[in-house]
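Chain by chain, the residues:
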Amino acid sequence: MRVDYEDLLRTVDKPGRYLGNERGAIRKDPASVAVRFALAFPEVYEIAQSHLGLQILYDILNRRTDVYCERIYAPWVDMEAALRRHALPLASLETCTPLSDFHIVGFSLQYELTYTNILAMLDLGGVPLFATDRSVDDPIIVAGGPCAFNPEPIAPFLDAVVLGDGEEIVGELAEAYRDWDRRDRDTLLRRLAAIDGIYVPAFFTPTYAADGRITAIAPSDPARPVVRKRILRDLDTVPLLGRQIVPTMDIVHDRVALEVMRGCVKGCRFCQAGYIYRPLRERDPKALLAHTEKLLKESGYDEVSLLSLSTGDYSCINPLLAELMDRVAPKRIAVSLPSTRVDALDPHLLAEIKRVRKTGFTLAPEAGTQRLRDVIQKEYREDELVQAASLIFGLGWRSLKLYFMLGLPSETEEDLHGIIALTRRVSATGGHRHPVTASVSTFVPKPHTPFQWAPQVTIEETHARQTLLRRELGRHRLGFKWHDARLSYLEGVFSRGDRRLATAILAAYRLGCRFDGWSDQCRWDLWQRAFAESGLDPDWYHRRRTLDEVLPWDHLDSGVTKTFLQRELAAAFARTLTPDCSIERCTYCGACDFTSVRNVTFHPRGAKGSESRGATVDAWASEAMPADLPWPTRNWQRLVDGAREPASPAPDVLPISDVMGSDSAARAQRQRDHDRPTRGQGNAEEWIGSERHGLRPDDDTRSAVQRIRLVYQTVDRARFLGNRELAIAFVRACRRASLPLAFSSGHHPMPRMSFGPALSLGFASHGEYLDLDLTEVWTAHDVMHALNGELPEGLVVVEADTLDLRAPSIDLALRAFVYSVSLQRLAPERLADDVIASRVTAFEAADSFPVTKRIKGRDRTIDAKESVSIRSAGSRLLHVRTAVTRQGTLKPNAIVAAILGLDDLEVALLSVTKIGTIVDDAIESPPVATGIEAVAP
Ligand code: SF4
């Protein structure tokens, strides 16, 4: 089956999406486990593999000996077409097992516009779409993630839904399946429904009034009318990610990812994540620090990202960042904080960020006027934002993006003009020298938020607002980016939709809708047809909901009470801000039970009801913070004021030194300063995102002292790695092997590596060339040995030599390549052996053999006889020698196709291996090359 898939890989874009040969991917014998679990992500590989939650569950499940967990992602449209054309099922990355052969399939629901992809994956995987059509032999289809808090539009397709944190539930799910007698599916569903946090849609029945509203959602078990979300009470009880899967291709978030905390109690009233993930649970910073180094070493990544809903609000962000930078910056590893607020940009944190090169920042004012910011619970004042922008420009960032939403409840034209005025003011702080862009999305009301009753603006209203912003921002030469109004419209329909929408989703899927969240893929015309066919009015789902209306998700309990949400709605329109309960006092949202569930923070002083573990890091926090803050934030000030009260004595020895064991001058200075009063960490109020950044050029102090030339093989799935992917694989392997790679100088230092000519995708090779420059002397053998322990499957170094640093590039010495082309997979009735032999003989005897080659975008006719020789090397095996010419080299499969008259599908069945490279006049063949001597030079 793997071979059949590999035939398809030659015909699709980015075959690396489907290889499954990443380092860190788990290999188990499927026969040795009781439960086979597929984690399914309804998006393309680059997005799916970037999702940290999926990696966490993959790690947890695969730690069990009775479970094998694999991954299945949505095939891009070209791959789906290829699978259907060849009648192949959607299969897992690890073992190429069809989706239907798994016991449990768990979908991650991150975005409503992936719903048609879920149906495509089930259908391609051979699983009945409707839960009611599945038998005991079909997998259990489960879903989790933020959209699971209103899964009603896709409920008929799901057997079960996980509400809340999945770490503990996935094991219980697997055990329930393992212990099931396989006789009756309903028995299993009842067992699942008894697990805390699992919702079985089949056990709840909604009824509707004549006007379309829901009258009731009746549970089949009256004793369980509501399903409450599952909460992981303490993140530190679950081990940090054991090992990270390191892709061999570029993905959206390609770096070590560490979750520093879960939950956010800032209370932004539009933000669903801020309510469904409550309470706040922080991880121990010392454990994070130690684990970061381990993951960096094992993965070979050059960036680490500290993830959470608001990393700037993590109590220990400043000392953690300071120490992390001390450790990783000399190794050219960057630290990024994708979610940080303006207030977190105190001078200390900025001093750390200053150590890396700056590209662009994103600030998120969210709304243009203070009035509207009060409504949505954005605590910062405009002057703070402008001050932050000034600091950012002052420190050398060259561009700034401001993120806003349009269509927020109570928005007026004045608020839109506020967006323009604020963007202008920010631009002015940079002297109008730097690009400033307003990036504006459309507000979509989300379930379980105070704005869940609010109406959504129409597409026409959205377009009118976008037109105004585009015109006015353009007039002032400010950038403007907007979100496709049609996508926000669809998202709004499904976000607050009910179970009847399943018919529309099914119709849209059957009409051909896929990847609806991609502007260039979304088929608005097909969606309109789908709604018409299902008899549903999508506008109806955007209406204002009355406070007494039964909402489609009322039987799903996120922990936060409806009373609290209604209080927050009232507070929004009274422009009243609700305090942060991790710093001040509990505001009784309902998320905590104050016995086992409560905020877990590392603030030196926790709020009432919180479990503060700050005392363990007090000294660390205080020694990492400067005594005087030129730009004190309100939350910071609150904490400092609190710290003036008598505090427990600081330990004699810095706790951090226990885990760091370093004696750097900086730390010694901190130790000397250690008698300063204990302080906490400044909290943040505004989001800020730093983009990927590398080291400053002046950090590049070591020059190359040695060049190593490697000859490596590419076999198996590594044949489908493109040039960029090969480079990524080698750089990461070098990092993992601790090879002292030399870097180029300049603003964008790059590893000094030089590859030989690119090999065509899908070709195996017994010998490719790579030159590496090192800053320390290593033996060639040690380099080879170290790399072979770290390269991904299918890449093997077979030779290594030391060269002079001034040695010419390998490209200059290349004369020809020798390939073996196997015709074994071509049907003999299509091309008999004697036909092959006669055509090869005819080619050799011909005076000329014109073939067409595309060079720099233009078709050129080349005489293949001038550079190619070919001969039979056994049964249905040819050896092809192609000389390097000024026009490059001809591809052996193209030549064979031209000689034998093959079509494109037949060309895909040729198996090509480069078996030799001729350098100058000598044949330099890798050890395993055979038959080259039979080919005339
Ligand atoms: S119950 Fe109180 S302390 Fe817990 S998250 Fe809600 S407001 Fe905060």
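Scroll up for the structure.
Rules and cut-offs
Residues numbered from 1 in each chain as written. Predicted model: local features only at pLDDT ≥ 70, side-chain atom pairs only at ≥ 80, totals over all residues. Heavy atoms only, no water. Pairing = 2+ DSSP bridges. Helix = DSSP H or I, 4+ residues; strand = E, 2+ residues; numbered from the N terminus. Axes fitted to C-alpha atoms, helices over the stretch in contact; angles between N-to-C directions. Parallel < 35°, antiparallel > 145°, perpendicular 65-115°, else oblique. Left-handed = near helix turned anticlockwise from the far one by under 90°. Contact = heavy atoms within 4.5 Å. Nonpolar A, V, L, I, M, F, W, Y, C, P; charged D, E, K, R; others polar. Near = heavy atom within 4 Å. Right-handed = clockwise from strand over helix to strand, strands pointing away. Expected span 1.5 Å × (residues − 1). Buried < 20%, exposed > 50% of the residue type's maximum accessible area, 1.4 Å probe, protein only.

> How would you summarise the sheet that holds strand β10 (residues 256–259) if you had to cite specific residues and measurements?
In spatial order, the strands read β10-β13-β14; together these three strands make up an open sheet with parallel pairing. Strands at the two margins of the open sheet, each flanked by one partner only, are β10 and β14 (334–336). Adjacent strand axes in the sheet meet at a mean angle of 20°, parallel and antiparallel pairs treated alike. Alignment of β10 against strand β13 (residues 303–307), held across four bridges, turns out to be parallel.

> Please give an account of the packing of helix α1 (residues 2–9) against helix α4 (residues 77–85) that cites residues and values.
Taken N-terminus to C-terminus, the directions of α1 and α4 make an angle of 130°; their axes are 10 Å apart at the nearest point. By the criterion of interaxial angle, the relationship of α1 to α4 is oblique. The hand of the α1/α4 crossing is right-handed. Residues Tyr5, Leu8 and Leu9 of α1 form the contact with α4, whose own contacting residues are Met79, Ala82 and Leu83. Each residue belonging to the contact of α1 with α4 can be placed in one class, and the counts come to six nonpolar, no polar and no charged.

> Explain the site of the ligand residue by residue, including any values.
Taken together, Cys581, Cys586, Thr587, Tyr588, Cys589, Gly590, Ala591, Cys592, Phe594 and Asn599 form the complete shell of residues around the ligand. Its residues placed into classes, the shell around the ligand shows seven nonpolar, three polar and no charged.

> With reference to specific residues and values, describe the pairing of strand β16 (residues 399–406).
In the sheet, β16 pairs with strand β17 (residues 436–442) via seven bridges, with the strands oriented parallel. The residue of β17 that forms the bridge with Leu406 is Thr442. Handedness of the crossover joining β16 and β17 through helix α14 (residues 413–429) is recorded here as right-handed.

> I'd like a description of helix α10 (residues 317–328), backed by residues and values.
Look at α10: 16 Å from first C-alpha to last across twelve residues, which is about the 16 Å you get at 1.5 Å a residue. With eleven of its twelve residues buried, α10 lies for the most part within the structure. Listed as buried for α10 are Ile317, Asn318, Pro319, Leu320, Leu321, Ala322, Glu323, Leu324, Met325, Arg327 and Val328.

> An account of the side chain of Glu491 is needed here, citing residue identities and associated values.
Looking at the secondary structure, you find Glu491 in helix α16 (residues 485–495). Assessed through its relative accessible area of 12%, Glu491 is described here as buried. Those residues in contact with Glu491 that lie beyond four places of it in its chain are Tyr111, Glu112, Leu113, Val444 and Lys446.

> Before we move on, could you go through the pairing of strand β3 (residues 104–108) and cite the residues and values that matter?
In terms of burial, β3 is a largely internal element, five of the five residues being buried. Where burial is concerned, the two faces of β3 agree: the one with Ile104, Gly106 and Ser108 and the one with Val105 and Phe107 are both buried. As judged from the four bridges shared by strand β1 (residues 35–41) and β3, these two strands associate in the parallel manner. Residue pairing in the sheet places Ala38 in a bridge with Val105 of β3. In the sheet, β3 pairs with strand β4 (residues 140–144) via five bridges, with the strands oriented parallel. When the sheet's bridge partners are listed, Phe107 is paired in β4 with Ala143.

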